[in-house]
Amino acid sequence: MKHLFLLMFIVLFGAGAFAQVKTDSVAYSRQRAKINAMLAARRLKFGQYDTSLTKRSGIFHMQTKNDIRRSNQILMDIVDTDDEIFIELKKLFDYRTNQLNYTAFQKKQIENTAREVEKERIAYMKTINSFRTQNEALKTQMAKQNEDYQSRQKLYIIAIAILIVSVIVLLILKRKRSN
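Residues numbered from 1 in each chain as written. Predicted model: local features only at pLDDT ≥ 70, side-chain atom pairs only at ≥ 80, totals over all residues. Heavy atoms only, no water.

*Asks:* Talk me through the packing of aromatic side chains; I want residue IDs and the actual numbers.
*Replies:* Across all of its chains, the model carries one aromatic pair by this definition. Aromatic side chains Phe46 and Tyr49 sit 6.1 Å apart centroid to centroid with 45 degrees between the ring planes, which places their arrangement in the tilted category. Placement of the pair is Phe46 and Tyr49 together in helix 2 (residues 26–54), with a separation of three residues, close to one helical turn. (Phe/Tyr/Trp six-rings, centres within 6.5 Å; stacked < 30°, edge-to-face > 60°. Helix = DSSP H or I, 4+ residues; strand = E, 2+ residues; numbered from the N terminus.)

Written out as structure tokens, the structure is:
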């Protein structure tokens, strides 16, 4: 009997602890309501059991076999209700565990997504920096090629000028010799 009261206290305390949990899950809320209804039915059955223990319909105000059988039947109903409550509590624990696991999964997924985004951002930054470096290198190469082109152009102009001057000088010398 003491064990039964202890069990009842643990179940009621456990149900009170679960009643304080606030969750968004509809299935979890339904399961909690179902367990609370079962606990209320158990309280009623326990009241009936307590009443049946004090009922004495026999001679000299003694309990009869039928009184004891009724008390035992009510007690068996209480035990069956307790078994059902334990089954439903297991389902409730499973709902809660699944919710916690799903929340942890979502958290890990968000963290992984954040890491991937950060990796992509860093990769883009590295690519941009390498393009900037290449751009600077190409600009310096282009400036050097421009300088080389301008210096070659000056050499070509000087060479053409020398060639023209030498052709003119040769023509002048040839005219002087022919005259």
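*Asks:* Give a detailed account of the pattern of salt bridges, specifying residues and quantitative values.
*Replies:* Tallied over the full model, the rule gives seven salt bridges. Here Glu88 and Lys34 are joined by a salt bridge, their closest N and O atoms 3.5 Å apart. In this pair, Glu88 is assigned in helix 3 (residues 65–178) and Lys34 in helix 2, connecting sequence segments 54 residues apart. A salt bridge links Asp94 to Lys90; the nearest nitrogen and oxygen atoms lie 3.5 Å apart. With Asp94 and Lys90 both in helix 3 and four residues apart, this pair spans about one turn of that helix. Asp94 gets classed as partly exposed once you look at its relative accessible area, which sits at 34%. A single salt-bridge network, built from bridges that share partners, covers Lys34, Glu88 and Lys91. (Salt bridge = Lys/Arg side-chain N within 4 Å of Asp/Glu carboxyl O. Buried < 20%, exposed > 50% of the residue type's maximum accessible area, 1.4 Å probe, protein only.)

*Asks:* Got a sec to walk through the confidence of the model for the protein chain? Specific residues and values, please.
*Replies:* Across the protein chain, the average pLDDT comes to 84, with 84% of residues at 70 or higher. Within the protein chain, the lowest mean pLDDT, 53, falls on helix 1 (residues 2–19), and the highest, 92, falls on helix 3. (pLDDT = per-residue confidence, 0-100.)

*Asks:* Describe helix 3, listing the residues and the values that go with them.
*Replies:* If you check helix 3, its first and last C-alpha atoms are 164 Å apart, about what 114 residues at 1.5 Å a residue would give, namely 170 Å. Of all the residues in helix 3, the buried ones are Asp67, Ser71, Ile74, Ile78, Thr81, Asp82, Ile85, Glu88, Leu89, Leu92 and Gln99. (Expected span 1.5 Å × (residues − 1).)

*Asks:* Summarise the nonpolar core; cite the residues concerned and give the values.
*Replies:* Listed in full, the seven residues of the largest apolar core are Tyr28, Ile35, Met38, Leu39, Ile85, Leu89 and Leu92. No other element matches the four residues that helix 2 contributes to this core. (Core = buried A, V, L, I, M, F, W, Y, C linked by side-chain atoms within 4.5 Å.)

*Asks:* Please set out helix 2 residue by residue, giving values where relevant.
*Replies:* Over its 29 residues, helix 2 extends 43 Å from the first C-alpha to the last, a length consistent with the 42 Å expected when each residue adds 1.5 Å. Taken together, the buried positions of helix 2 are Tyr28, Gln31, Ile35, Met38, Leu39, Arg42, Phe46, Tyr49 and Ser52.

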